[in-house]
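# A structural walkthrough
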Amino acid sequence: MDSQIDVSFLNDIITSESIDVLLTTDINKLINLLKDIKALGLFDNASLDLNDSKTVESLTKMVKQIFDLKVIEGKEKDIFVSIMNIIDINELLAEYNITLNYDNVQNWDNEVDYICTIFENIISLTGGLDEFNFTEFFTKTHTESEKQMIAEVVASIGNSDIFGDSIYTIIDTISKEIDDSCEVIVTNEEKNIIENVNGWEYETIHILNLIEKIEHIDFEEHYQNLNADEIKDIMLYCSESVISTKVFGTVLNSVFDGIVHEDFTKQSVMKNSADVIYNAIKVASIVNDSTIDLNDSEVTNELISSIENIATSDENIELTNKLINDIIGNETPVEYTKEDINDAADVVESIITIYQNSSDQDNFSLDELTEEVKEDIENSDIAKAILEALFK
């Protein structure tokens, strides 16, 4: 992208009123600045390639030199507007609804650092602003160093008094690329966590890693077909970040729509539900696997363990019940206690053991068990449903 740079804003700096400051406090800085401007050819109306990293580096150096001048005090807004025109980024910002607010700037030096970071990192990552796509900038696969540069861009926008009002609009746009039903709405408490506890770099790295973690997963599938270990790991990872929880929580809300009523877009729910979801997926996937080998102790032990552990605590018993009712196909929901669930695990384990010790597994039938054992099965509708699915 070639551009002719208008340096007429220098007329606002070099005035008769400012000459004393320029010739004393700012003289050395001004000389260096004018040398750099001349080296760039700006006095000759030279066209600059703003896609060239060295040119961009020289421009950002120049911008910082300008704001290091004492003479611009009180003129920062006008100079900054001129600089925004110089780096030719206004059209890009407008395209993504990034608004600029110059009224409440607390520290102009910080704002200069922010805009230079945004400009330099975007150019470095994309090779130029031509046909720049903000969404692809976030959602494609990145190296760790690239993720850090993206995180610095987001942090610069989020921490800026000028750009900051638009940060949640940007996050919402990115989130919709992951799940189009996602709407990032944060409470004041969550904003405080993002802005003053986690920080925007931390939140951004989590979003970028989340994108990589879930890009290969088909969430249109029934939850029994998901990888339990993978989903648990993602849930625990996301629970550390407000925005990641909002995004992946929306995905989980869709996966379990009509089955549970928990709102996974809340960090506490995301974290506290991870074990329940993990064990529910384990149980559902094994019970519905027609190729399961009940002589495989590793698989059967995993099943028993998951049944036992699906009721992680009294706090999660409602979520546990909804999932168990779904897994065993109860048309009328039943409220089970942790004891009911543990008893079911014991019954399932005992029947599997009987099967594994049977000399005639091909003709094994639940109907052929002793009356006492059949009574144990009848007394636990959880165990009964699971066993009927396993031995159908």
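A brief structural summary. Just so it is clear, the model here is predicted, and its values are computed rather than measured. (Residues numbered from 1 in each chain as written. Predicted model: local features only at pLDDT ≥ 70, side-chain atom pairs only at ≥ 80, totals over all residues. Heavy atoms only, no water.)

### Description of the overall build of the protein
In terms of helices and strands, the protein carries 19 helices and 2 strands. The C-alpha extent of the protein, read off along each of the three principal axes, is 105 × 35 × 30 Å. Considering only intrachain contacts with a sequence separation of at least 6, the fraction spanning at least 24 residues in the protein is 70%. Surface exposure of the protein reaches about 19,500 Å², of which carbon and sulfur atoms provide 40%. (Helix = DSSP H or I, 4+ residues; strand = E, 2+ residues; numbered from the N terminus. Contact = heavy atoms within 4.5 Å. Areas by Shrake-Rupley, 256 points an atom, 1.4 Å probe, with all protein chains shown as cover.)

### Overview of the packing of aromatic side chains
Counted under the stated rule, the structure contains 11 aromatic pairs. For the ring pair Phe80 and Tyr102, a centre distance of 6.0 Å and an interplane angle of 70 degrees mean the geometry is edge-to-face. Residue Phe80 is found in helix 4 (residues 76-86), and its partner Tyr102 is found in the loop between helix 5 (90-95) and helix 6 (108-126); the two are separated by 22 residues along the sequence. Aromatic pair Tyr355 and Phe364: ring centres 5.2 Å apart, planes at 80 degrees, arrangement edge-to-face. Here Tyr355 and Phe364 have matching classes, each one buried. For the cation-ring pair, Lys191 lies above Tyr168, with the distance from its terminal atom to the ring centre recorded as 5.1 Å. Here Lys232 stacks its cationic end above the ring of Tyr278, 5.0 Å away from the centre of that ring. (Phe/Tyr/Trp six-rings, centres within 6.5 Å; stacked < 30°, edge-to-face > 60°. Buried < 20%, exposed > 50% of the residue type's maximum accessible area, 1.4 Å probe, protein only. Lys NZ or Arg CZ within 6 Å of the ring centre and 35° of its normal.)

### Examining the pattern of salt bridges
Counted according to the given criterion, the structure contains 9 salt bridges. Between Lys246 and Glu190 there is a salt bridge, with its nearest N and O atoms 3.0 Å apart. You can see Lys246 sitting in helix 13 (residues 242-255) and its partner Glu190 sitting in helix 10 (residues 188-198), a full 56 residues away along the chain. Taking the relative accessible area as the measure of exposure, Glu190 reaches 12% and is therefore buried. For Lys232, the salt bridge goes to Asp275, with nearest N and O atoms at 2.8 Å. (Salt bridge = Lys/Arg side-chain N within 4 Å of Asp/Glu carboxyl O.)

### Looking at the packing of helix 10 against helix 11 (residues 200-214)
The N-to-C vectors of helix 10 and helix 11 enclose an angle of 110 degrees; their axes lie 7 Å apart at closest approach. Our classification of the angle between helix 10 and helix 11 gives roughly perpendicular. Every residue of helix 11 that contacts helix 10 at Ile194, Glu195 and Asn198 is listed here: Trp200, Tyr202 and Glu203. Grouping the amino acids of the contact of helix 10 with helix 11 by side-chain chemistry returns 3 nonpolar, 1 polar and 2 charged. (Axes fitted to C-alpha atoms, helices over the stretch in contact; angles between N-to-C directions. Parallel < 35°, antiparallel > 145°, perpendicular 65-115°, else oblique. Nonpolar A, V, L, I, M, F, W, Y, C, P; charged D, E, K, R; others polar.)

### Quick look at the nonpolar core
By size, the foremost hydrophobic cluster in this structure holds 126 residues, and its most contacted members are Tyr223, Phe248, Leu323 and Ile351. Top contributing element to this core by residue count: helix 14 (residues 267-287), with 12 residues. With near-sequence residues (within four places) excluded, Phe248 lies in contact with Leu210, Ile214, Phe219, Ile231, Ile234, Met235, Cys238 and Met270. (Core = buried A, V, L, I, M, F, W, Y, C linked by side-chain atoms within 4.5 Å.)

### Description of the environment of Ser306
As for its placement among the helices and strands, Ser306 is situated in helix 15 (residues 297-309). Considered as a pair, Ser306 and Ala345 are 39 residues apart in the sequence and their alpha carbons are 8.7 Å apart.

### Digging into helix 6
The end-to-end C-alpha separation of helix 6 is 27 Å, in line with the 27 Å expected for 19 residues at 1.5 Å each. Among all positions in helix 6, only Trp108, Glu111, Val112, Tyr114, Ile115, Cys116, Ile118, Phe119, Asn121, Ile122, Ile123 and Leu125 are buried. Contacts made by the buried residues of helix 6 are with helix 3 (53-67), helix 4, helix 7 (134-139) and helix 8 (144-159). For helix 6, the N-terminal cap is Asn107; the gap from its side-chain oxygen to the backbone nitrogen of Asp109 is 3.0 Å. Looking one or two residues past helix 6, Gly127 carries a phi angle of roughly 85 degrees, positive in sign. (Expected span 1.5 Å × (residues − 1). Polar contact = N/O pair within 3.5 Å; in protein donor to acceptor, adjacent residues only side chain to side chain.)

### Brief notes about helix 15
Taking 1.5 Å per residue, 13 residues should reach 18 Å; helix 15 reaches 18 Å between its end C-alpha atoms and fits that length. Buried within helix 15 are the following residues: Val299, Thr300, Leu303, Ile304, Ser306 and Ile307. Within helix 15, the buried residues cover an arc of 165 degrees as seen down the axis, which keeps them to one side. A distance of 3.1 Å separates the backbone nitrogen of Glu298 from a side-chain oxygen at the start of helix 15, and that oxygen is part of Asp296. (Arc of directions from axis to C-beta.)

### What about the side chain of Thr60?
Locating Thr60 in the fold gives a position in helix 3. Reaching out from Thr60, the side chain makes a polar contact with the side chain of Glu120 at a distance of 2.8 Å. Setting aside chain neighbours within four positions, we find Thr60 in contact with Cys116, Phe119 and Glu120.

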